[in-house]
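# Architecture and fold: a report
Listed below, chain by chain, are the residues.
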Amino acid sequence: MFFKRRFAPFFLSCFTLLAALGSTAQTVTHTVTGRIVDSLSGKGIEYATIAVTDDSSRVVTAAAADAAGRFTLTVKRDGTFLLTAQSLGYTPVTRNITLPADKTKIDAGVFRLVQGVAIDEVTVAVQKPLIKSDADKITYSVEADPEATTSTLADILRKVPQISVDAENNVRLNGQTNFKVLVNGKNSPMFSNNLSDVISSMPAGTIKDIQVITNPSTKYEAEGAAGIINIITTKKTTNGFSGSVGAGISSFNSYSGNAFISAQIGKLNFSARYMAGRHGTPETTNRIETDYFLPDPGRSLVAGNGEGYRFMQNLGIEASYEIDTLNLLTLSVSGFDGKHRNNSFSDTRYWDGNGDIIRQYTNDNRSKNGFSSISASLDYQHTFRKPEHTLTISYLLNTNPNRTDYTNDIEGIVDYQTYQESSRDRASLNEHTVQVDYYNPITEKHQIETGVKYIVRLNDNNSDILRMYDEATGWQPYDDGNNNLDYTQHIFGLYGGYLFKLKKFSAKAGFRLEGTINDGMAKTSDGPLKFDNRQFDVIPYVNLSYAIKPSQSLRVSYTQRLQRPDIRQLNPYVNESDPMNIRYGNPNLEAVISHSFSANYSIFNTSWNLFLGVNGSFSNNTISEIKEVLDEGVTATTYENIGRRQMYGINGSYSYRLQTRLNVFVNANLNYSVIESKSRDLSNEGFNWGGFLGIGVGLWKDANFRANAGMFSMPVSLQGRNSSFYFTGVSLIQKLFKKKLDVTLSMQEPFNKFRKFDNRTEDSSIRQYSEFRMQSRRISFGVNYRFGKLNTRVKKTSRGIKNDDRIDTGSQQEQAASSSGGM
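Along each chain, residues carry numbers from 1 onward, in the same order as the chain's sequence is written. Where totals are concerned, whole chains, interfaces and linings use all residues; where local detail is concerned, this predicted model gives features only for residues with pLDDT of at least 70, and gives and counts side-chain atom pairs only at 80 or more. Hydrogen atoms and water are omitted, and side-chain values are computed over all heavy atoms in the structure.

### Looking at the overall build of the chain
A tally of regular secondary structure across the chain gives seven helices and 46 strands. Counting over 823 residues, the chain shows a buried share of 52%. In this description, contact between two residues means that some pair of their heavy atoms is separated by no more than 4.5 Å. Taking as baseline every contact in the chain between residues at least 6 positions apart, the subset at least 24 positions apart corresponds to 66%. To measure how exposed things are, a 1.4 Å probe is used in the Shrake-Rupley method; for residues, cover is taken only from the protein chains shown. Accessible surface computed for the chain: about 36500 Å², of which carbon and sulfur atoms make up 57%. Counting from the N terminus, the helices are the DSSP runs of H or I reaching at least four residues and the strands are the DSSP runs of E reaching at least two. Type-normalised accessible area, obtained with a 1.4 Å probe on protein chains alone, sets the label of each residue: buried when under 20%, exposed when over 50%, and partly exposed for intermediate values.

### Comments concerning the pairing of strand β19 (residues 254-265)
Pairs of strands are assigned from DSSP output, requiring at least two bridges between the strands. Of the strand pairs in this sheet, β19 and strand β20 (residues 268-292) are connected by 11 bridges, and their pairing is antiparallel. Looking across to β20, one finds that I261 is bridged to A272. The turn joining β19 and β20, which pair antiparallel and follow one another in sequence, is formed by two residues; a positive phi near 65° is taken by G266.

### Focus: the packing of aromatic side chains
Centres within 6.5 Å are what make two rings of Phe, Tyr or Trp a pair, Trp counting through its six-membered ring; a difference in plane orientation under 30 degrees is then read as stacked, over 60 as edge-to-face, and the rest as tilted. Scanning the entire structure with this criterion turns up 14 aromatic pairs. Over a ring means this: the NZ of a Lys or the CZ of an Arg is within 6 Å of the ring centre and within 35 degrees of the ring normal. Here the guanidinium or amino end of R278 rests over the ring plane of Y309, the centre of that ring lying 4.2 Å away. Sitting over the face of the ring of W351, R299 holds its NZ or CZ atom 4.2 Å from the ring centroid.

### A word on unusual backbone geometry
At N253, a position not held by glycine, the phi torsion is positive, near 55°. You can see N253 is positioned in the loop between β18 (240-250) and β19. Given a relative accessible area of 54%, N253 falls into the exposed group. Within the chain, E749 stands out as a residue other than glycine whose phi angle is a positive 55°. By the secondary structure assignment, E749 is in the loop between β42 (741-748) and β43 (754-762). Taking the relative accessible area as the measure of exposure, E749 reaches 1% and is therefore buried.

### Re the environment of S617
When you line up the elements, S617 lands in strand β35 (residues 608-629). Separated by 30 residues in the primary sequence, S617 and M647 have C-alpha atoms spaced 5.4 Å apart. Residue contacts for S617: discarding those within four places in its chain leaves Q176, S594, H595, S596, R645, Q646 and M647.

### Points about the pattern of salt bridges
Every case where a carboxyl oxygen of Asp or Glu lies within 4 Å of a side-chain nitrogen of Lys or Arg is listed as a salt bridge. With the rule as written, the count across this model stands at 21 salt bridges. Where R287 meets E289, a salt bridge forms, and the shortest distance between an N and an O atom there is 2.7 Å. Residues R366 and D409 are paired through a salt bridge, measuring 3.2 Å at the closest nitrogen-oxygen approach. One end of the pair, R366, is in strand β23 (residues 357-383); the other, D409, is in strand β25 (residues 402-414), and 43 residues separate them in sequence. Among the charged side chains, a salt-bridge network with shared partners connects K735, D742 and R786.

### So, the sheet that holds strand β16 (residues 228-233)
Read across the sheet, six strands follow the order β9-β10-β15-β16-β13-β14 without closing on themselves; strand pairing throughout is mixed. A strand with exactly one partner marks an edge of an open sheet, and here the two such strands are β9 (131-133) and β14 (186-187). Of the pairings in the sheet, the one linking strand β10 (residues 138-141) to strand β15 (residues 207-213) comprises four bridges and is antiparallel in character. If you follow I138 over to β15, its bridge partner there is V212.

### Side note on the nonpolar core
Throughout this description, the term nonpolar core refers to a set of buried Ala, Val, Leu, Ile, Met, Phe, Trp, Tyr and Cys residues connected via side-chain atoms within 4.5 Å. Formed by 36 residues in total, the largest nonpolar core has its most connected members in L153, I163, F191, I199 and I210. When residues of this core are assigned to their parent elements, the largest contribution, four residues, is made by helix α3 (residues 153-157). Discounting chain neighbours no more than four positions away, the residues touching F191 are L153, V181, V183, V198, I199, M202 and I231. Residues I36, A63, A85 and I106 belong to the second largest nonpolar core, which totals 21 residues.

### Observations concerning the pairing of strand β38 (residues 682-698)
Two elements, strand β37 (residues 662-677) and β38, share 16 bridges in a ladder whose sense is antiparallel. In the sheet register, S673 faces β38, and the bridge partner there is G686. Hairpin remark: β37 followed by β38, antiparallel, with four residues in the connecting loop; positive phi at D681, about 55°. By the bridge criterion, nine bridges tie β38 to strand β39 (residues 703-713) in an arrangement that is antiparallel. Looking at β39, one finds that G694 is bridged to N708. What sits between β38 and β39 in their antiparallel hairpin is a turn of four residues, with D702 showing a positive phi close to 60°.

### Some points on the sheet that holds strand β4 (residues 70-75)
Ordered by their spatial adjacency, four strands build an open sheet running β4-β1-β8-β6, and the pairing between neighbours is mixed. Single-partner strands in this sheet number two, and they are β4 and β6 (90-91). Bridge count for strand β1 (residues 30-38) against strand β8 (residues 105-115) is seven bridges, and the pairing is parallel. Following the sheet pairing, R35 is matched in β8 by V110.

### Re a nonpolar patch on the surface
Residues forming no salt bridge and having over 30% relative accessible area are the ones grouped into patches, like charges within 9 Å of each other and nonpolar side chains (Val, Leu, Ile, Met, Phe, Trp, Tyr) within 5 Å. A surface patch of nonpolar side chains, amounting to about 910 Å² of accessible area, comprises I265, L268, Y274, L315, I317, Y321, I323, L329, L331, V333 and L378. Looking at the nonpolar patch, the elements with two or more residues in it are β20, β21 (298-324) and β22 (327-352). Top element by residues in the nonpolar patch is β21. It accounts for four residues. Secondary-structure assignment places L331 in strand β22. Looking at L331, the relative accessible area reads 42%, which means it is partly exposed.

### A short note on the side chain of N671
Structurally, N671 can be placed in strand β37. Here a polar contact means two N or O atoms within 3.5 Å. Within protein one must be a hydrogen donor candidate and the other an acceptor candidate, and residues neighboring in sequence count only if both atoms are side-chain atoms. Looking at N671, its side chain comes within polar contact range of the side chain of N669, at 3.2 Å.

### As for the environment of D296
With respect to the helices, strands and loops of the structure, D296 is situated in the loop between β20 and β21. Expressed as a C-alpha distance, the spacing of D296 and D631, which sit 335 residues apart in the sequence, is 8.1 Å.

### Focus on the confidence of the model for the chain
The predictor's confidence in any single residue is recorded as pLDDT, a number from 0 to 100. On average, the chain scores 80 in pLDDT, and the residues at 70 or more come to 86%. The secondary structure element of the chain with the lowest average pLDDT is helix α7 (residues 812-821), at 34, and the one with the highest is strand β24 (residues 390-399), at 92.

### What to know about the environment of S780
Secondary-structure assignment places S780 in strand β45 (residues 778-787). Separated by 32 residues in the primary sequence, S780 and Q748 place their C-alpha atoms 8.3 Å from one another. The contact partners of S780, leaving out residues within four places of it in the chain, are I249, S250, T744, L745 and S746.

In structure tokens, the structure reads:
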């Protein structure tokens, strides 16, 4: 009733307005039929593509033939057009067709396609398949998705096989969070550190492809147990310029804007994108209940609330200069800047085993977090006389400064001291990478690749903490809370790979040698505390694939993946800023080696796609976060290589589209995990899953209605289990002014005003339940305008730096809860 009373009139009014804007005069509708067959056998070519283009090479309409090769097209205007039939493995056939005003039904006849692809270059505008399966990756063509121009990157990622995105835009790959995100094959601090924010703000229209690499070959860094998501940005330009601009607002006091432009001037090609936005965070509440069994029984309760906002902006520029036909320079520069502000309040209470309160205090927190990144890469590619025979030399610079300021007003109520605490923290990362890649397709059957790589990362962190117990003493340094750190990491890599092709069969194998040197210095009040860590690993890789048909393939693969401990896990400094909850790292951690297997089947064409996969992984030294209770109820958190983890999963996706009239997609995964630690006598097992369903329906002319729903559960951990949740959303999109202007009205969570997450942790010494609740319903309105014409592409080197080895600790949801919860 609330929805009907508050929002139904609003949607009805907007719906009527868009209908009026979208209405046009009736035109003659022509129905074109025909058949596409094999030139030798005369049999229909199943699901071949047929497209109608006008005299400016624009696609008027396109469709896929049925299983017998028959097709039906609808064209809503008169004139002379080109009708092009094509299918994978065949040479396209194009013929003229005239649609007069006095004839509504046209038989285009039979198109006889010859097997094999003609040597001469053929340029045909067709409806591309959404999904393509290669020997070592799945590629989702964003530019072929008709909904891309009115969607965010998060919307599109929900459609990609093996990827799941929940309502808070937390991303998982095959149900796991320890994956890497690359942009054009290169590490991007913007995506690594702020993935949820970026994908919810970035327009999908600036993306060309999304590649999913669950068993990366040896040319990729070995880090990231679940694999790699590689985002390929749009490279199209024209002799002149083209681009788009957009803006949006939502009911959470949020707004955003974006712009994209590309151009070509002679041999120089470049593109630039900018986006900025403010995202308000409505009030959130959280609650943590803990029962202590050892060493003494007791109970605690932490209840809090918070609210705030975040602002972010990003500028990216890509350019290439073709020195000559054999030598190419490419440059990429991007910058990111953002800030979070949050105010929160929490009340903490402790009881002993008799139920008597023994400690109570409150904390009024005000925090400001700033984060920035600058990334620049320069690539030189030399192509030998043989096509695709290349040598690439690359350099990458990443700098990532971060700043945090907070003030705590602590009020002791029962057996706890009252004081104020202020902190100023400054951290920075400077990363330099040099890489050389060599690729040689010796023959059609044999290909080799090899390369070397060196990375140096210079990390620096300085924090100052002041405390004031009364105005008479004033602010005093609190050295026990400082965490000043210098940390240097060196990574050396060497890889080699070999690919063998025989008709429909291909086999790829390789190795990667990786050495890591970590040197750190924690500066505490007791003096410097030096720690180091050394790793050396040999990573094998095997991939077998078989093309049943040009549109069907089978693939099996095996590799090993690494999860290096990060600085937060290694740093031995004991953080006692909250004396009842201390945290410290373990410098003796080893890299986790995970054995990964996968097998999948895919079939795709221009109208529907099906992907089915199974995967498994296991490791014997998983890094686990361990909580234990010390004297007087103090909870200590650290990390140890004590976990043994097995995970088995199945995943699948299906999509169907009937031109612009109907678009349906389903994406789901199911995983079963077994985690155990014999040294601590802990074990846990269980399922986690994710699923997303989306439907797009064409309404009147150039209007589309979309609805979606998803359900997810959080992964199983050694000491706990997280909850499951679901979400829904609807939107209405109207295209205007010859489809150059998009107007979008949407609502998230029309049926649920709030969303809740919970987590349970339990062993012989502690049992903990935490709950996080936030407002989720919101209304958004956005516009996007495109201008210019795209017909050429910015060239880029075929190979470059791919720093996919860094990994974040903790789930994205845990990070979100900690930043909003006020503890």
